[in-house]
Structure formats: C-alpha cells, structure tokens
Amino acid sequence: MSAPLPMPSAEDGELCVEAVRLADVARRFGTPCYVYSRAALEAALDEFTTGLSGVEAQLCYAVKANSNLAVLNVLARRGAGFDIVSGGELKRALAAGGDPRKIVFSGVGKSADEMAAALSAGILCFNVESAPELERLDGVAASLGARAPVGLRVNPDVDARTHPYISTGLKKNKFGVAYRDALDIYRRAAGLPNVEVCGIGCHIGSQLLDPSPFAEALDKLLLLVDRLAACGIVLRHIDLGGGLGIAYRNGAEPSVQSYLDPLLDRLRGRALKILLEPGRRLVGKAGVLLTRVEYLKPGETRNFAIVDAAMNDLARPALYDAWHDIVPVRPREEAPRRWEIVGPICETGDFLGHERMLALLPGDLLAILSAGAYGMSMSSNYNTRPRAAEVMIDGDEAHLIRRRETAEELYALESLLP
Ligand SMILES: *Cc1c(COP(=O)(O)O)cnc(C)c1O
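In this text, all values refer to a predicted model and were calculated from it rather than measured experimentally.

Novice: Residue-level account of the site of the ligand, with values.
Specialist: The environment of the ligand is made up of 15 residues, and the closest members are K64, S206, E277, R280 and Y374. Measuring from an oxygen atom of the ligand, one finds a side-chain N or O atom of K64 at 2.7 Å. Between D83 and the ligand, the recorded distance is 3.1 Å, taken from a side-chain N or O atom to a nitrogen atom. Compared with its free state, where it exposes 390 Å², the ligand has 94% of that area covered by protein. Mapping the ligand onto the cavity grids shows that it belongs to the largest pocket. Of the residues contributing to the shell around the ligand, the split by class is three nonpolar, seven polar and five charged.

Novice: Describe the side chain of S379, naming the residues involved and giving the relevant values.
Specialist: By the secondary structure assignment, S379 is in the loop between strand 19 (365-368) and strand 20 (389-394). Owing to a relative accessible area of 8%, S379 belongs among the buried residues under this scheme.

Novice: Go over the packing of aromatic side chains with me, naming the residues and quoting the values.
Specialist: The description of two aromatic rings rests on the distance between their centres and on the angle between their planes. Enumeration over the complete set of coordinates arrives at five aromatic pairs. Measuring from centroid to centroid gives 6.3 Å for Y61 and F82, while their planes differ by 75°, and the two rings are edge-to-face. A residue pair is termed long-range when its members are at least 10 positions apart, and Y61 in strand 5 (residues 57-62) and F82 in strand 6 (residues 81-84) qualify at 21 residues. For the pair formed by Y61 and F82, the shared burial category is buried. An aromatic cluster is present here, built from F48, F214 and Y259 joined pairwise through their rings. Over the aromatic face of Y179 sits the side chain of K220, whose NZ or CZ is 5.8 Å from the ring centroid.

Novice: Requested: an account of the pattern of salt bridges, with residues and values cited.
Specialist: Applying the stated criterion across every chain, the model contains 26 salt bridges. Here R268 and D265 are joined by a salt bridge, their closest N and O atoms 3.0 Å apart. Relative accessible area serves as the criterion here: at 59%, R268 is assigned to the exposed category. Here E409 ties to R403 by a salt bridge, and the two come within 2.4 Å at their closest N and O atoms. Each member of the salt-bridge network shares a partner with another, and the members are E11, D12, E14, R21 and R330.

The rules we used
Residues numbered from 1 in each chain as written. Predicted model: local features only at pLDDT ≥ 70, side-chain atom pairs only at ≥ 80, totals over all residues. Heavy atoms only, no water. Near = heavy atom within 4 Å. Polar contact = N/O pair within 3.5 Å; in protein donor to acceptor, adjacent residues only side chain to side chain. Areas by Shrake-Rupley, 256 points an atom, 1.4 Å probe, with all protein chains shown as cover. 1 Å grid on protein atoms, 1.4 Å probe; cavity = no way out; pocket = protein on both sides within 12 Å on 5 of 7 lines; lining within 4 Å. Sits in = over half its atoms within 2 Å of the grid points. Nonpolar A, V, L, I, M, F, W, Y, C, P; charged D, E, K, R; others polar. Helix = DSSP H or I, 4+ residues; strand = E, 2+ residues; numbered from the N terminus. Buried < 20%, exposed > 50% of the residue type's maximum accessible area, 1.4 Å probe, protein only. Phe/Tyr/Trp six-rings, centres within 6.5 Å; stacked < 30°, edge-to-face > 60°. Lys NZ or Arg CZ within 6 Å of the ring centre and 35° of its normal. Salt bridge = Lys/Arg side-chain N within 4 Å of Asp/Glu carboxyl O.

On their own, these measurements won't tell you what the molecule is for.
Rendered as structure tokens:
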C-alpha cells in the first residue's frame, strides 16, 4: 500500500488524513472517532484490480471487516462486489448500492429467510458449507420457483499459520465441507432440481502474512475441480476467499501482486473465473481510531494512560492480544515514558496497547493505527457506551458517515414491566 496513514502535516508535523488534520476532526466530531480515508480505500482496491487485469475475476469485499454504508459505497462504485455472511449484511450491501449479481453469501448458519432474501435479490452465488444447508437451499429455491447458484465451500485442511481464532481451513474448524466428502456432496447437488452448481470455494483464515498456504489450498481445490469435471460436473468459478494480512507492526507485508501471482500461474489456461473475498487488506490500513487522553495515572510498577476509547470500540487487542501502533496527533518535545494505554471499561482486559513509549499530557489526542478492519464492525455497547462516530475523509473534506450514538438510543428498545 502507498503512504502510511495518517501523515504528518508539512507545516508543523501534526497528523493529517489526506488534507484534513485529525485535531480538526476531533474538534468537529468528538472522540472516540473512527476516521477513514477514501483515497486509501480506493488505492487498496486498485492494487487488486490492477493485479487481476486481463483475468476474468470478481472482487467480493468481505463486508464484515467494515460494513459502514459509505465504505461499501466507495468500493462498489469502483466495481467491487461483496461477500456477505447474514441477511443484515445483504441489506447493507444493497442499501450501499451494491450490485446483487456481484454478491456471494458465505457462512455456516444461513436461515431459510436469509436464503429467500438473497435468492430474491438475485445474488451471484451461495457458498454452501454443509449437506443439510444444500437441502434447505434447494427447498427454499423450490418454494420461490427459483434456481439457487451454488458453490461448495471446501475445507482444504491447510494450515494458515495465523492466530487460532482466525484460522478457518483446518479439519478441526467448523467451516466448509470436509475435503473427502466434497465429491459426494457435489454429486448430490448436481441431482437437486432447484440448485445450479457453479463454483467451488475456500477461505483458510485471516491475517496471513505468508501467502504460500493460499497456493496450497488452490492446488487442492483444483484437484477437486478436475475430478468433478471427469464426473461431468463443470464449474465456472473458483473462490479463494480472503485472508491476506497487513503489517500492524513495522514488519513487512506481502504485496498483493506476490499473493496473486502464484494463484494466477496455477489458473492460467483454465476456463475458471476467479473470485476473491479480501476484507482486512482493503480497509485495515485505511482507518484510524482517534481517541483523547482522559487521565494519567503514573504508578509504582506501571503508568496508565486512560483514554476515551475502549475495548468496546476496538476489541482486537483484548480479543487476540493484537498490536496496533499508537501515535500522538501532535508530538511533544518532552522525554517519553512507558504507558499502558487503557480504556474506561471495568475489565482488566480493556487495553489498547501495552508498554508504549510516549510523551503524554491529559487532553492529548492519540491515533490508533490500522483500525479500519474489524474495528467498528466488532464494536459493542458494553458498559452502555455509545458507539464511536465514523468519519470519511475525501481530499480536504471530512464527512460524518455515522453519527455517535446517544445513551438513550441504547435502551430505546427496552421496556419496564407493567
Ligand atoms: C472473514 C472472511 C473473509 C475476509 O477475511 P479477511 O481476512 O478480512 O480478508 C472472506 N471470506 C470469508 C468467508 C470470511 O469469513
């Protein structure tokens, strides 16, 4: 990806996203606040588009990584389709201007209602994850007088060598149909009257920094494609899921090209359209979480900086012990000290960063970097904390794309006993 986000301003070193100062964003919209860059989103998408030029391909952005309508709309306008995992995400994708014919529907627990909604919308493909799901889909399609386009999500049993919570392509994971059962289930699918077998897919995990497991998975899938063709089941597309990682911490990240090249090599000369479902790689670096220091509590063994963002806003540190760089919006001259960056929530796990060397005073603004993916979309209202505002920068303009919630909204659906 191009220049890191945010950038220091040329005049005084204060951090900016595109041409907008983060301090101005905080003044206008308050903190905590997610700030995204339209240019960074587009640049990340363009890396894939460029790498796939001349190839029959469709990018289906994984909506769960960041599902804000404005984010989806920016990507849809540039040709992206969507990978959805719920009826709610289907509605979002359509509300954001997504083309239903570019939508794939993944997930192990699709309900009959969700299937019906996606069939009526006319999506590209259902990534079916079990034999009973296939039966249900056939039934739902029959009741609507429709034919459901289907690809099986196959579990290729390759080790993505990532965090166990985000590894999905091992035998022990709940996702996809087992590799050795796939042929049988395809044969059954081919015999169902309301299902049209059109593809095959996999998704082996998230935040992969070594792209070789993707090629390993593709090899296994291609073996199946050939065996299926020998039985007269000819597939039109192959969906390799998402999972390409980003560098959260100084280390290198594989280029999109180095990820795509081994895949395209293997697919050359085959009449298979390639589908990809990148999530994190498209939005992760395009967003920061802006927060303000509320209190400083220097202590005997540790110094705590209590900020106004918390694990309900950004769960990744608490959930995966994930690292996010944390930088001051306006750097100070003073000598840095070691700080625990923590939120106001009543949990010891409520931290955003451990042992960060920073020169801080109360009221300072901090930017938590690479927070565009699995940030807002995994946020909660724990401790009855209204969710953060979201702002999209476009050149020298800042647009509010989700206003901050109010506490009243958080209990508006509840009622007292009579
Ligand atoms: C989560 C998910 C993705 C996106 O994963 P990233 O690591 O964000 O690229 C793609 N496809 C499926 C089926 C997923 O569950």
